[in-house]
Each structure stands twice: as structure tokens, then as C-alpha cells.
Amino acid sequence: MRELISEKVISQKSQLRENLRLHKEDYQGNIANNAEDLVQWRGDLIELYAETIVLDLEESDKKVTEWGDKASDFLVNIQMPLDLAIEEIRYYRNMIGEIIRDTGEKESLPIRDFYDLVSSFDLVVDQVVEIISVSYMKKYNQKMYASQTEINELSVPIIEITESVAVLPLVGAIDTARAQLLMDHALSESSNNDYDYFIIDVSGVPVIDTMVADQIFKVIRGLKLIGVEVKMSGVRPEIAQTMVQLGVDFEDTLSFSSLHRALDYIGFGLK
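As the structure is a computational prediction, the values presented were derived from the model and not from experiment.

**Q** Would you explain the overall build of the chain in this entry?
**A** Each helix and strand counted, the chain has 11 helices and 5 strands in total. Sorting the 271 residues of the chain into buried and exposed places 41% on the buried side. Taking as baseline every contact in the chain between residues at least 6 positions apart, the subset at least 24 positions apart corresponds to 79%. When the accessible surface of the chain is split by element, carbon and sulfur atoms take 50% of a total near 15,200 Å².

In C-alpha cells, the structure reads:
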């Protein structure tokens, strides 16, 4: 009986995957652009349901787990909201449930066998929802972390002028997280590339407060410890005045009003 129901589900796969009608306004952007792949995904889901009908609990659980990992990759890549994905997963519970009911009635399936069959199918659907939810969130968070890392690196771009000279143009406000990234990125890049000169340009920083000034001081001190000569450029009169008022000691570090002047000083044009 289970084999018969499984075959009927497979035979109706095309009809089942095309019958899904959810909120059309939700199927926009990247989801709409991957419509054909989404239909294929639905077909794979239906096949999964059909195949697990004839499997025992252990085999079914293994198959669902393997499928869920790949399926969540696809859902994250097309930027499909998790709630919408779960809605699709659950949609086929009733559709396939009707096939089980009609086949059971036609074949006079005993009530106990019918109950066992429906219960095992419901368990598979619940497993699919659980695995997709957990795997989806894990992959989504990984993707968000990778994206945030890229954004963070762009927020402290180190421009290599020559093999020995690098410039770090700071633009915009600097919070605690960005300040720490500034420290880590400047030290690691300078060490890896063996720079002789490192210019920190602050012309794009609107406000220099105690935290920002202190972090810049720490970066300068760290770079000097690894043998890099540090200069500051873009130091406007108001920034210089603020640094003096904050009591941050930059006396050992030459500063310039512009990046051009800093590069001229270290003889950039001669290298």
C-alpha cells in the first residue's frame, strides 16, 4: 500500500508543484528571477515526501537530513524568507494527505494502518520544517557574517601606493567596533606587506573624540613597534585643536594638512 501511494504522489508531481498558489506579492525580486529553480525545488520536495513514505524511520530521517542541507542552501541563495519557505513545505501536507486518504478508502486500508501511515508522513513534514529552519538560519547567519566582514573591510580600506607606502583614508564616524577593526587591519596588513610608511588620513572624519583619538594613537604606537613609520594627513585646524584639548600626545608623529603634503615629505615622487 505504501508503495502504491508513493507511486501516485510521484505520478502527480507536476500537477502538485504547479498547484501551489501562495501570496503572489511575496514572489518578487530574486525569488521571481529564480522561478524555474523554485519549481524544481518543489518537485524535489514532493519526491522526498513520496520516497519517505516507504522508508523506515531511520532511513527517512537520514534522507530528510541530507535533503535539508542542500535545500536550505538554495533558499538562502534566492533570498526566500524562511516563513514563506515553511509555508510551501507545509502546503503539501494536505495535498499529499488527500492522496493518502483517497487511496486508503479505495483500497480499504485498515484504520490502524491508515493511522500509522498518516502519522509517519506528518512526522516527515515536521522533520523537514525543523531541519530547514535550523539549517536555513545557520547558513543565513554565515552569509550575513561574511557580508558584514566584507563591509567592515571596506570601511577601513588600505590603499597601497607603492610596495613600501600605504594610506588608510578614514571616512565617516568611527565607533568602537570600527576602531578595533582599524587597529587589527592596519597592523596585520602592515606586517604582511612589510610597509616602510603608513599614512593615516583623517580628512574624511567629521569628529575626533576621545575614543577616536585614543584609538588612532594606539594604531600609531602599534605600527611603530613593528618598524613602520607613521604619518597623519588631513589634520584640519579644528581637529588639531580637539586633539590638543583631549591631551592625546601625537608629538612623535608628523602630521600634514593634506595627503599630498605627506606623500611629498616621504619622497613618494622619488620612489
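**Q** I would appreciate a short explanation of helix α4 (residues 35-52) in the present structure.
**A** Owing to its 3.6 residues per turn, the α-helix brings residues three or four apart onto one side. For α4, which comprises 18 residues, the first-to-last C-alpha distance of 26 Å matches the rise-based estimate of 26 Å (1.5 Å per residue) to within 8%. Those residues of α4 not exposed but buried are L38, V39, W41, R42, G43, L45, I46, L48, Y49, A50 and T52.

**Q** Can you help me understand a nonpolar patch on the surface in this one?
**A** Together, M137, Y140 and M144 line one region of the surface with nonpolar side chains, adding up to about 270 Å² of accessible area. On the basis of relative accessible area, M137 is assigned to the partly exposed category, the value being 35%.

**Q** Could you clarify how one ought to interpret the packing of aromatic side chains in this entry?
**A** Here a ring pair, both rings aromatic, is described through the centre-centre distance and the interplanar angle of the planes. Applying the stated rule across the entire model yields 4 aromatic pairs. With 5.3 Å between their ring centres and 85 degrees between their planes, Y91 and Y92 make a pair best called edge-to-face. With a centroid separation of 5.3 Å and 50 degrees between ring planes, the pair formed by F256 and Y265 is classed as tilted.

**Q** Help me understand the packing of α4 against helix α6 (residues 82-106) in this model?
**A** Each pair of packed helices can be described by the angle between their axes along with the distance between the axes. Viewed as axis vectors pointing N to C, α4 and α6 meet at an angle of 45 degrees, and their least axial separation amounts to 11 Å. The angle between α4 and α6 places the two elements in the oblique class. Pair α4 / α6 crosses with right-handed handedness. Within the contact between the two elements, α4 uses L38, W41, R42, L45, I46 and Y49 and α6 uses A85, E88, I89, Y92 and I96. Among the residues forming the contact of α4 with α6, the class breakdown is 9 nonpolar, no polar and 2 charged.

**Q** I tried to follow the pattern of salt bridges on my own but got confused; where do I start?
**A** Between side chains of opposite charge, a pair can form as their charged atoms come close. A complete count under the given rule lists 6 salt bridges for this structure. For the salt bridge of K63 with E51, the shortest nitrogen-to-oxygen distance reads 3.1 Å. On the criterion of sequence distance, the pair formed by K63 in helix α5 (residues 57-77) and E51 in helix α4 is long-range, its members being 12 residues apart. The exposure class assigned to E51 is partly exposed, which follows from its relative accessible area of 31%. Here D122 and R93 are joined by a salt bridge, their closest N and O atoms 3.1 Å apart. Here the residue D122 occupies a position in helix α7 (residues 111-155), and R93 occupies one in helix α6, the gap between them amounting to 29 residues. Residue D122 is classed as partly exposed on the basis of its relative accessible area of 26%.

Analysis parameters
- Residues numbered from 1 in each chain as written.
- Predicted model: local features only at pLDDT ≥ 70, side-chain atom pairs only at ≥ 80, totals over all residues.
- Heavy atoms only, no water.
- Helix = DSSP H or I, 4+ residues; strand = E, 2+ residues; numbered from the N terminus.
- Buried < 20%, exposed > 50% of the residue type's maximum accessible area, 1.4 Å probe, protein only.
- Contact = heavy atoms within 4.5 Å.
- Areas by Shrake-Rupley, 256 points an atom, 1.4 Å probe, with all protein chains shown as cover.
- Expected span 1.5 Å × (residues − 1).
- Patch = residues over 30% accessible without salt bridge, like charges linked within 9 Å, V, L, I, M, F, W, Y side chains within 5 Å.
- Salt bridge = Lys/Arg side-chain N within 4 Å of Asp/Glu carboxyl O.
- Phe/Tyr/Trp six-rings, centres within 6.5 Å; stacked < 30°, edge-to-face > 60°.
- Axes fitted to C-alpha atoms, helices over the stretch in contact; angles between N-to-C directions.
- Parallel < 35°, antiparallel > 145°, perpendicular 65-115°, else oblique.
- Left-handed = near helix turned anticlockwise from the far one by under 90°.
- Nonpolar A, V, L, I, M, F, W, Y, C, P; charged D, E, K, R; others polar.

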